[in-house]
Amino acid sequence: MSAHPQPHKTEKATSNFWQEMNKPAFTLAPMEDVTDTVFRSFVIRFASSGYLRLVMSEFLSVDGFLHPEGGEKVKHRLLVHPRERSLLDAKNINIVAQIWGTDPEKFYRASRRIAEEYAFDGIDINMGCPMKKIIKNGACSALILNPSLAQEIIQATQEGSRLPVSVKTRLGMRQWETEAWIEALLAVRPAAISIHGRIQKQLYSGEANWDEIKKAVALRNALAPGVVIHGNGDVFDIATGLRRMEESGVDGVMIGRGILKNPWFFAREAPPANPQQRIRLLLEHARFFEENWQGIKSFALMKRFFKMYLSDFKGASQLRALVMPLNSYEEVENVLMPVLRNLPEAEV
Ligand SMILES: Cc1cc2nc3c(=O)[nH]c(=O)nc-3n(C[C@H](O)[C@H](O)[C@H](O)COP(=O)(O)O)c2cc1C
């Protein structure tokens, strides 16, 4: 793995940036095997100043991170490439590490080490992942039914990291638990709560319920006005995000799958319209992916990004069919460079 030096946190990091975020605030959701430092670098580069306020790492298990031998296998999730770091600084975007687990003492130790050794502005705790293999041990969304442990975990992370600690969660397991769950979270004053408006059993089915998110905002207003609330779920364009903010009263909106449909989500100007630009970006992305992740992540994970670039122009789907079976940057380059050479010089 390329060992990028991770500068120590700055003074700025200890302030509560969640409260200072200018509005309208959009954040990039953590997505495993999607929002790593390579992809985030592109999303941030494409973002216009002002819309994107915060990004998060992929979720990292505190057990894995603290494991004497296993740690190296998961630490890449905390990597912030110098390219990403300079874009974050230039655009004044915060970055938060997301962690998960069940043992408060491990949260204390892991968050303390992350705060000391890495340059994140805050720590987020995953209390929303619905996957069976994760929740069977009581982690992530299973904590919704164990609020006292959830509170202990938040407090341990606050004490361990001394950074702003936020929670990302859903609003129930088998049924909606909005009131009891949000009250329990508010009682220990996380800096922010990002709420995906679904319950665990839905996984990704149905629609995100923004009325329940609005209920959470009302509870916050009554019980702990200092806690920031962001809403999340099924927002696929800026206009919808702005409407959700207006209707529900959330302080910001978090974007997940929308970024895979449109990596220019946070840009004010229209996405590049010509195939030349899109193909060049794909090649640049694939090269950066391979340079950074060779021996760590399979090139197959790069394929989910092919569609983002190879769409919205004539012949895009044929090109996709050509590159999908390929397994390295070199193979992709060998197919796409001749295509680029045959296209007329585009006005950029
Ligand atoms: C591929 C994928 C990976 C995800 N990984 C994480 C994760 O690591 N941590 C987390 O809190 N949520 C994770 N999520 C959930 C998203 O952050 C987000 O809450 C969810 O996709 C709903 O938002 P959306 O409708 O904007 O996509 C993941 C979602 C997807 C689709």
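As the structure is a computational prediction, the values presented were derived from the model and not from experiment.

Overview of the overall build of the protein
Phase 1: A tally of helices and strands in the protein yields 16 helices and 9 strands.
Phase 2: The C-alpha radius of gyration computed for the protein amounts to 20 Å, which stays within 12% of the reference 20 Å derived for 348 residues, consistent with globular compactness.
Phase 3: Taking the principal axes of the C-alpha coordinates as reference, the protein spans close to 60 × 45 × 40 Å.
Phase 4: In the protein, buried positions account for 44% of the 348 residues.

Points about the domain arrangement of the protein
Phase 1: Along its sequence, the protein is carved into domain 1 (11-261) and domain 2 (275-342).
Phase 2: Across the boundary between the two partners, domain 1 contributes 7 residues, which contact 10 residues of domain 2.
Phase 3: Looking at which element gives the most residues to the side of domain 1 that touches domain 2, the answer is helix H2 (residues 37-46), with 3 residues.

Considerations on the packing of helix H9 (residues 178-187) against helix H10 (residues 210-223)
Phase 1: In the contact formed by H9 and H10, the axes pass within 10 Å of each other and the chain directions differ by 40°. The angle between the axes of H9 and H10 places the two elements in the oblique class. Between H9 and H10 lies a crossing of right-handed hand. Seen from H9, the contacting residues are Thr178, Glu179, Ile182, Glu183 and Leu186; seen from H10, they are Glu212, Lys215, Ala216, Leu219, Arg220 and Leu223.
Phase 2: By residue class, the composition of the contact of H9 with H10 is 5 nonpolar, 1 polar and 5 charged.

Concerning the environment of Asn327
Phase 1: Mapped onto the secondary structure, Asn327 falls in the loop between helix H15 (316-323) and helix H16 (329-342).
Phase 2: Between the C-alpha atoms of Asn327 and Lys314, which are 13 residues apart in sequence, the distance is 24 Å.

A look at the site of the ligand
Phase 1: Taken together, 21 residues surround the ligand, and among them Ala29, Met31, Phe59, Gly256 and Arg257 come closest.
Phase 2: When the residues that make up the shell around the ligand are grouped by side-chain class, the tally is 8 nonpolar, 8 polar and 5 charged.

A word on the nonpolar core
Phase 1: In terms of nonpolar packing, the biggest core is built from 94 residues, with Ile99 and Ile255 touching the most fellow members.
Phase 2: Among all residues touching Ile99, those that are not within four sequence positions of it are Phe59, Leu60, Val62, Phe107, Ala110, Ser111, Ile123 and Ile125.

Describing the pairing of strand E5 (residues 122-127)
A regular strand places its side chains on the two faces of the sheet in alternate fashion.
Phase 1: Where burial is concerned, most of E5 is hidden: 6 out of the 6 residues are buried.
Phase 2: By the alternation rule, side chains of E5 split into Gly122, Asp124 and Asn126 and Ile123, Ile125 and Met127, which are all buried.
Phase 3: Of the strand pairs in this sheet, strand E4 (residues 94-100) and E5 are connected by 4 bridges, and their pairing is parallel. The residue bridging Gln98 from the neighbouring strand is Asp124, located in E5.
Phase 4: With helix H6 (residues 104-117) bridging E4 and the parallel E5, this β-α-β connection has right-handed handedness.
Phase 5: The pairing of E5 with strand E6 (residues 165-169) spans 5 bridges and is classified as parallel. Paired with Ile123 across the bridge in E6 is Val165.

Topic: the environment of Arg170
Phase 1: Its place among the elements puts Arg170 in the loop between E6 and H9.
Phase 2: Look at Arg170 and you get buried, because 28 C-beta atoms sit within 10 Å.
Phase 3: Once residues within four sequence positions are removed from consideration, Arg170 is found in contact with Gly128, Pro130, Ser141, Ile144, His196, Arg198, Ile199 and Gln200.

Overview of the pairing of strand E2 (residues 52-56)
Phase 1: Burial of E2 is extensive: 5 of the 5 residues sit out of reach of the surface.
Phase 2: Across 3 bridges, strand E1 (residues 25-28) lies against E2 in parallel orientation. Following the sheet pairing, Leu28 is matched in E2 by Val55.

Observations regarding the environment of Asn209
Phase 1: Of note, Asn209 is situated in the loop between strand E7 (192-196) and H10.
Phase 2: Between the C-alpha atom of Asn209 and that of Glu179, which follows or precedes it by 30 residues, the distance is 14 Å.

Focus: the confidence of the model for the protein
Phase 1: Looking at the protein, pLDDT values average 94 and 95% of them are 70 or higher.
Phase 2: Note on residues 1-5: pLDDT is under 50 here. Beyond four places in sequence and across chains, it has 6 contacts.
Phase 3: Within the model, the stretch residues 7-13 combines pLDDT values under 50 with 6 contacts to residues more than four positions away or in other chains.

Reading the values: rules and limits
- Residues numbered from 1 in each chain as written.
- Predicted model: local features only at pLDDT ≥ 70, side-chain atom pairs only at ≥ 80, totals over all residues.
- Helix = DSSP H or I, 4+ residues; strand = E, 2+ residues; numbered from the N terminus.
- Rg over C-alpha atoms; globule rule 2.2 N^0.38 Å.
- Buried ≥ 20, exposed ≤ 12 C-beta atoms within 10 Å, placed from the backbone.
- Domains from an automatic or database assignment.
- Contact = placed C-beta atoms within 7 Å.
- Axes fitted to C-alpha atoms, helices over the stretch in contact; angles between N-to-C directions.
- Parallel < 35°, antiparallel > 145°, perpendicular 65-115°, else oblique.
- Left-handed = near helix turned anticlockwise from the far one by under 90°.
- Nonpolar A, V, L, I, M, F, W, Y, C, P; charged D, E, K, R; others polar.
- Near = placed C-beta within 6 Å.
- Core = buried A, V, L, I, M, F, W, Y, C linked by C-beta atoms within 7 Å.
- Pairing = 2+ DSSP bridges.
- Right-handed = clockwise from strand over helix to strand, strands pointing away.
- pLDDT = per-residue confidence, 0-100.

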